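The lines below spell out each chain.
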Amino acid sequence: MVFTRRPAAVLTAIVAACAMAISLTACTTDANSQDTADDRTTVTSSAPGVVAMFTPSDGITLNQQTPLNKWAKLTPNLTKALTSAGFKKGDISRTTSDSLDKQSRAIQDYVVNHLSGSNTTDDAGIVISPDNITLLVAPVVEADASTRQYGDYVSQELSTADTAEGSDSTDSSDSSNSSDSSDSSTGSDSTDDSSSDASKTVGDSKNAAQAEAVDRLVSSLKLAKESGMHVVLMGNSIKGYKPDAFVRFSDAQAIGKLQAEKIVSKLELSKASKDNPKYIEVLMPYTAVDESGEASDSTFVQEAFRGIWQVLGAYYQKGVVESPSGTLNGNSTEDDWQSVAYDASKEGSTTKVLDARLAKADEHASPTRIDGIIAMNDYIASEVVTELDDLGYTGSAADINPQITISGIVGNITGKKDLSRSDVPDPIKSPEKDDSADSTDSADTQDDSTTTDKTDKTKDSQWPLVTGYGAYVSNIPSIVNGKQWMTGIEDRQTLAENIAEACALLNKGQTLTSMSSVRNTEVGGKKKVPTISGPLLAVSASNLKVTLIDPGYISLADAGL
């Protein structure tokens, strides 16, 4: 019986093996239904896929002062976040360009190469399907010198409106030049006109080249989306173009608002009174004329002042905040940006403006009392700090409604001790406006008067709060010692993590509705665009360790420690 059962058992095993083989073959065939002729595998929607980053080259910083808000600083954070989200390092690429023309060509080449079948596999020979590719694009936008002082992330909009006009003028200029050449035998009486025409033609040619680059970029991004790729714009939007998602970094209004809000909190303006107002000056640096000699776009400075005035306007109107220079008052509005704006491109302009704003009554007078100066960015803040020192102001921001001491700051940053706190409230009435009297004798009154006079002079020369933005590495020591009270920076790590999560979801064919950092906004004139954003980080000596040193943005050496 044993021998008669063995052939039956063997036959049963063979049948089972064949069935399993057929089943495995069917599974293999089904899994590789998209195999190419050379047996390469296509990445399915469950795989993380590919991310291609296209960012501007970092601009040249002034006087070696380097803000932390740079593309070169963000991309390593992005790469780390993407690998943590499951992307392979070999599937993450980065291309930098110093002009929109070069960037648009690079994106065009990338899209065309992947759609034509070349450069579509990873190191393992896996074919990358278009719907598993996300393009992270930060369009190259020209910025003037004053705007660059805020770092690389300031959001701007790429538009073809001006360049379209430039193209029209080029045509008319060409026809005009043609007409001039044909009539040259009868009268060419102005060499200046010819020079003007030539200059105009150069400008028009530049505009035409810009328009061509914008068109190429938009066409390439549209082709990418039509093929199934995903497009995420970072920082700069494109008028009339709707991406799959948009990453909103800092804008002018947010930068101005951040500094104003921190000034309000630190000076405790809610407790200020008309009898003892706070004195605040607002500096709005901008570039009045561009490199070609034409008036620069003032949109940025207008928006920045609007952000400031939305916070401080009510305090000026109540009379609890005054401007020592009188540039702003209770009748000012958010449209009065020109009252506090100045051309920062001129050598020594900040020094001259501050000297005029804080002018003494006479050479023997004490410094003009000033409680806060909104300098807008760290480059200007560094100039303000230098000039305040020259004008005779003493102390530091730590002396104003102190929450921390300088020794406490250093000890906290180096991890040796906790911050020491001791609030010192400001009186409701200033000494010079206090008309209360007592029954003391004349000698005591004279002594009190002398003491009050010394107190007033000390108050007048007290170092004010100085705000900035950009977290310049060269300014960090000034923040530690309290000469510059605060700066601002993007929360790069959190933004990078959110961008990586969005890329993973898009490559899986999923929406971004599950992300708490995403909400629909209008981008480039297009509504309901999923937008990734986050609050700006305000950095002062009290939180410098947590915000900059612990995340690895700067070292103890950068902080002068």
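Rules used in this analysis
Residues numbered from 1 in each chain as written. Predicted model: local features only at pLDDT ≥ 70, side-chain atom pairs only at ≥ 80, totals over all residues. Heavy atoms only, no water. Helix = DSSP H or I, 4+ residues; strand = E, 2+ residues; numbered from the N terminus. Buried < 20%, exposed > 50% of the residue type's maximum accessible area, 1.4 Å probe, protein only. Contact = heavy atoms within 4.5 Å. Areas by Shrake-Rupley, 256 points an atom, 1.4 Å probe, with all protein chains shown as cover. Expected span 1.5 Å × (residues − 1). Polar contact = N/O pair within 3.5 Å; in protein donor to acceptor, adjacent residues only side chain to side chain. Axes fitted to C-alpha atoms, helices over the stretch in contact; angles between N-to-C directions. Parallel < 35°, antiparallel > 145°, perpendicular 65-115°, else oblique. Left-handed = near helix turned anticlockwise from the far one by under 90°. Nonpolar A, V, L, I, M, F, W, Y, C, P; charged D, E, K, R; others polar. Salt bridge = Lys/Arg side-chain N within 4 Å of Asp/Glu carboxyl O. Core = buried A, V, L, I, M, F, W, Y, C linked by side-chain atoms within 4.5 Å. Patch = residues over 30% accessible without salt bridge, like charges linked within 9 Å, V, L, I, M, F, W, Y side chains within 5 Å. Lys, Arg positive; Asp, Glu negative; His and termini not counted. Charge placed at Lys NZ, Arg CZ, Asp CG, Glu CD.

S.K.: Can you explain the overall build of the chain? Please cite residues and give values.
M.R.: The helix and strand tally for the chain stands at 15 helices and 19 strands. Across the 561 residues that make up the chain, the buried fraction comes to 44%. For the chain, the share of sequence-separated contacts (at least 6 apart) that also reach a separation of at least 24 residues comes to 75%. Total accessible area on the chain stands at roughly 27800 Å², and carbon and sulfur atoms take up 49% of it.

S.K.: Before we move on, can you summarise helix H7 (residues 252-266) with the specific residues and values?
M.R.: A rise of 1.5 Å per residue sets the reference length of H7, with its 15 residues, at 21 Å; its end C-alpha atoms lie 22 Å apart and thus fit the reference within 8%. Among the residues of H7, Ala252, Ile255, Gly256, Leu258, Gln259, Ala260, Ile263, Val264 and Lys266 are the ones counted as buried. Considering only its buried residues, H7 is in contact with strand E10 (278-282), helix H8 (299-318), strand E14 (372-374), strand E15 (465-467), strand E16 (486-489) and strand E19 (537-540). Positive backbone phi, at 50°, marks Glu268, one or two positions downstream of H7.

S.K.: Before we move on, can you summarise helix H10 (residues 378-390) with the specific residues and values?
M.R.: Here H10 spans 18 Å end to end across 13 residues, near enough to the 18 Å set by a 1.5 Å rise per residue. Three or more residues of H10 are buried, namely Asp378, Tyr379, Ile380, Ala381, Ser382, Val384, Val385, Glu387 and Leu388. Considering only its buried residues, H10 is in contact with strand E11 (284-286), strand E13 (341-343), helix H9 (349-357), E14, E15 and E16. Backbone nitrogen of Tyr379 and a side-chain oxygen of the N-cap are separated by 3.0 Å at the start of H10; the cap is Asn377.

S.K.: Got a sec to walk through the packing of helix H2 (residues 71-84) against helix H14 (residues 492-507)? Specific residues and values, please.
M.R.: At a minimum axis separation of 8 Å, H2 and H14 run at an interaxial angle of 50°. Judged by the inter-axis angle, H2 sits oblique to H14. Where H2 crosses over H14, the two elements pack in a sense that is right-handed. Along its contact with H2, which presents Lys73, Leu74, Asn77, Leu78, Ala81 and Leu82, the element H14 presents Arg492, Gln493, Ala496, Glu497, Ile499, Ala500 and Cys503. Of the residues belonging to the contact of H2 with H14, the class tally is 8 nonpolar, 2 polar and 3 charged.

S.K.: Could you give an account of the environment of Ile128, naming the residues involved and the relevant values?
M.R.: Along the chain, the position of Ile128 falls in the loop between strand E4 (126-127) and strand E5 (133-137). With relative accessibility at 8%, the residue Ile128 sits in the buried group. Between the alpha carbons of Ile128 and Gly49 there is a distance of 7.1 Å; along the sequence they are 79 residues apart.

S.K.: Kindly report on the packing of H7 against H8, identifying the contributing residues and their values.
M.R.: Viewed as axis vectors pointing N to C, H7 and H8 meet at an angle of 30°, and their least axial separation amounts to 7 Å. Classed by the angle they form, the pair H7 and H8 counts as roughly parallel. For the pair H7 and H8, the crossing hand works out as right-handed. Here Ala252, Gln253, Ile255, Gly256, Lys257, Ala260, Glu261 and Val264 of H7 lie close against H8, whose contacting residues are Phe300, Glu303, Ala304, Arg306, Gly307, Ile308, Gln310, Val311, Leu312 and Tyr315. A per-class count over the contact of H7 with H8 returns 10 nonpolar, 4 polar and 4 charged.

S.K.: Quick rundown of the pattern of salt bridges? Include the residues and the values.
M.R.: Counted under the stated rule, the structure contains 12 salt bridges. In this structure, the salt-bridge partner of Asp98 is Lys102, at a minimum N-O distance of 3.3 Å. With relative accessibility at 52%, the residue Asp98 sits in the exposed group. The closest approach of N and O atoms between Arg306 and Asp335, which form a salt bridge, is 4.0 Å. Here Asp335 lies in the loop between strand E12 (321-322) and E13 and Arg306 lies in helix H8, a separation of 29 residues in the sequence. The exposure class of Arg306 is buried, given its relative accessible area of 18%. Owing to a relative accessible area of 52%, Asp335 belongs among the exposed residues under this scheme. A single network of salt bridges, built from pairs that share partners, joins Asp101, Arg105, Glu212 and Arg216.

S.K.: Just give me the short version of the nonpolar core, but keep the residues and values in it.
M.R.: Counting residues in each nonpolar core, the largest one holds 41 residues, and the members touching the most others are Met284 and Leu312. Secondary-structure elements contributing two or more residues to this core are H7, E10, E11 and H8. Per-element tally for this core: the top contributor is H8, with 10 residues. With 30 residues, the next largest nonpolar core counts Leu495, Ile499, Leu512 and Met515 among its residues.

S.K.: With reference to specific residues and values, describe unusual backbone geometry.
M.R.: In this structure, Met376 is a non-glycine residue whose phi angle is positive, near 75°. Turning to its location among the elements, Met376 is positioned in the loop between E14 and H10. In the Ramachandran plot, Lys528 falls in the positive-phi region, its phi being about 55° despite a non-glycine side chain.

S.K.: A description of the side chain of Ser155 should follow, citing residues and the corresponding values.
M.R.: Residue position: Ser155 is located in the loop between helix H4 (145-148) and strand E6 (157-158). When residues no more than four places from it in sequence are discounted, the contact partners of Ser155 are Gly235, Asn236, Arg248, Phe249 and Ser250.

S.K.: Give a description of a positive patch on the surface that names residues and reports values.
M.R.: A cluster of basic side chains, namely Lys222, Lys242, Lys526, Lys527 and Lys528, defines a positive patch on the protein surface. Ranked by the residues each element gives to the positive patch, the list is headed by strand E18 (residues 526-532), at 3 residues.

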